[in-house]
2 protein chains.
Amino acid sequence: MKVSAVITLKKDVLDPQGKIIQQALDGMGFKDINEIRQGKYFEIDVKENDPKKAHKIVEDMCKKLLANLVIEDYKIIGIN
Amino acid sequence: MKVSAVITLKKDVLDPQGKIIQQALDGMGFKDINEIRQGKYFEIDVKENDPKKAHKIVEDMCKKLLANLVIEDYKIIGIN
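Basis of the calculations
- Residues numbered from 1 in each chain as written.
- Chains lettered and ligands numbered in written order.
- Predicted model: local features only at pLDDT ≥ 70, side-chain atom pairs only at ≥ 80, totals over all residues.
- Heavy atoms only, no water.
- Helix = DSSP H or I, 4+ residues; strand = E, 2+ residues; numbered from the N terminus.
- Rg over C-alpha atoms; globule rule 2.2 N^0.38 Å.
- Buried < 20%, exposed > 50% of the residue type's maximum accessible area, 1.4 Å probe, protein only.
- Contact = heavy atoms within 4.5 Å.
- Areas by Shrake-Rupley, 256 points an atom, 1.4 Å probe, with all protein chains shown as cover.
- Least-squares fit on C-alpha atoms with pLDDT ≥ 70 in both.
- Pairing = 2+ DSSP bridges.
- Axes fitted to C-alpha atoms, helices over the stretch in contact; angles between N-to-C directions.
- Salt bridge = Lys/Arg side-chain N within 4 Å of Asp/Glu carboxyl O.
- Arc of directions from axis to C-beta.
- Buried area = accessible area lost by both parts, 1.4 Å probe.
- Polar contact = N/O pair within 3.5 Å; in protein donor to acceptor, adjacent residues only side chain to side chain.

When helices and strands are counted, chain A shows two helices and three strands. Ordered by position in the sequence, the α and β elements of chain A form the string β-α-β-α-β. Its C-alpha atoms give chain A a radius of gyration of 16 Å, more than 25% over the compact-globule value 12 Å for 80 residues. Seen along its three principal axes, the alpha-carbon backbone of chain A occupies a region of about 45 × 25 × 15 Å. Counting the 80 residues in chain A, one finds 40% classified as buried. Residue pairs in contact within chain A that sit at least 24 positions apart in sequence constitute 70% of those at least 6 positions apart. Approximately 4,600 Å² of chain A is accessible, and the part contributed by carbon and sulfur atoms is 52%.

Let's shift gears to the relation of the copies chain A and chain B. For these two chain copies, the linking operation is a rotation about an axis paired with a shift along it. Note on the copies: chain A fits chain B at an RMSD of 0.0 Å, the axial shift is 0.0 Å, and the rotation between them is 180 degrees. Such a turn and shift between the copies fits a two-fold axis. Every residue of chain A has its C-alpha some distance from the rotation axis, and the shortest such distance is that of Lys-40 of chain A, at 2.4 Å. The residues that chain A uses at the interface reappear at the interface of chain B in 100% of cases, marking a shared surface.

Attention now goes to the sheet that holds strand S1 (residues 2-9) of chain B. In spatial order, the strands read S3(A)-S1(A)-S2(A)-S2(B)-S1(B)-S3(B); together these six strands make up an open sheet with antiparallel pairing. Each of the sheet's edge strands pairs with one partner strand only, and the pair in question is strand S3 (72-79) of chain A together with strand S3 (72-79) of chain B. Between one strand axis and the next, the sheet turns by 25 degrees as a mean value, whatever way the strands run. Bridging between S1 of chain B and strand S2 (residues 33-46) of chain B involves seven bridges; their strand directions are antiparallel. Across the sheet, residue Ala-5 of chain B finds its bridge partner in S2 of chain B, namely Phe-42 of chain B. Against the sheet, helix H2 (residues 51-66) of chain A engages strand S1 (2-9), strand S2 (33-46) and S3 of chain A together with S2 of chain B, with an angle of about 155 degrees to S3 of chain A. The strands touched by helix H1 (residues 16-27) of chain B within the sheet are S2 of chain A together with S2 of chain B, with S2 of chain B carrying the most contacts at an inclination of about 120 degrees.

Another point: the side chain of Ser-4 of chain B. As for its placement among the helices and strands, Ser-4 of chain B is situated in strand S1. Sequence-distant contacts of Ser-4 of chain B, that is, excluding residues within four places in its chain, are made with Tyr-41, Phe-42, Glu-43, Lys-75, Ile-76, Ile-77 and Gly-78 of chain B.

So, about the pattern of salt bridges. Pairing between side chains of opposite charge can happen when the charged atoms of each approach one another. Residues and elements named next belong to chain A. Applying the stated criterion across every chain, the model contains ten salt bridges over all chains. A salt bridge links Lys-40 to Glu-72; its shortest N-O distance comes to 3.6 Å. With a gap of 32 residues between them, Lys-40 in strand S2 and Glu-72 in strand S3 connect regions that are remote in the sequence. On the basis of relative accessible area, Lys-40 is assigned to the partly exposed category, the value being 29%. When its relative accessible area of 10% is taken as the criterion, Glu-72 is described as buried.

On to H2 of chain A. Quick reminder: α-helices carry 3.6 residues per turn. Residues three or four places apart thus point the same way. Residue and element names in this part refer to chain A. By the burial criterion, the buried members of H2 are Ala-54, Val-58, Met-61, Cys-62 and Leu-66. When H2 is viewed along its axis, its buried side chains cluster within an angular range of 100 degrees and face the same direction. Opposite the packed face of H2, turned more than 90 degrees from it, sit the exposed residues Lys-52 and Lys-64.

Bringing the interface of chain A and chain B into the picture now. Facing 33 residues of chain A, the contacting portion of chain B comprises 33 residues. Together, Phe-30, Tyr-41 and Lys-47 of chain A form the three largest contributors to the area buried by chain A at its contact with chain B, with a combined 20%. Here chain A and chain B share zero salt bridges between them. At the junction of chain A with chain B, the criterion picks out ten residue pairs in polar contact (both at pLDDT 80 or more). Put simply, the parts of the chain that give the side of chain A that touches chain B at least two residues each are S1, helix H1 (16-27), S2 and H2 of chain A. A total of 14 residues in the side of chain A that touches chain B trace back to one element, the largest contributor, which is S2 of chain A. As paired strands, S2 of chain A and S2 of chain B are joined by 13 bridges and run antiparallel to one another. Looking at the pairing, Arg-37 of chain A lines up with Glu-43 of chain B of S2 of chain B.

Here is the structure:
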């Protein structure tokens, strides 16, 4: 199954990269932006065919390697 | 509105970063992975309140700055 996960900085953590992108877009004429935050996206193709188990496996991966839980949140956004 | 967009490498483009993450996870005991591909995730908060227009604005941003359309695809995955 292909599981999609997203890792984002926690709400209270500054995102300088997002800020820079916002400034760049502003300079290109996109003036009406409140905020941009950048994160990481993973598409993980696991051999497991049970959606619940696949979800669990990817959640484990996020906790153990992909996300730094001190400053980041993970979310599994799709399984198929 | 908050629009979420994902930028991924096109299918035929090698993703060495994803490969390395896969190897790292393999070394940690996650043996049953077919493939991992990494991408970028953007959460863009625009002042526009019409979902269709917000979608259009973010699509424009992806085309003009966020994605390199030669090697990357973009997808808008959520609006709220």
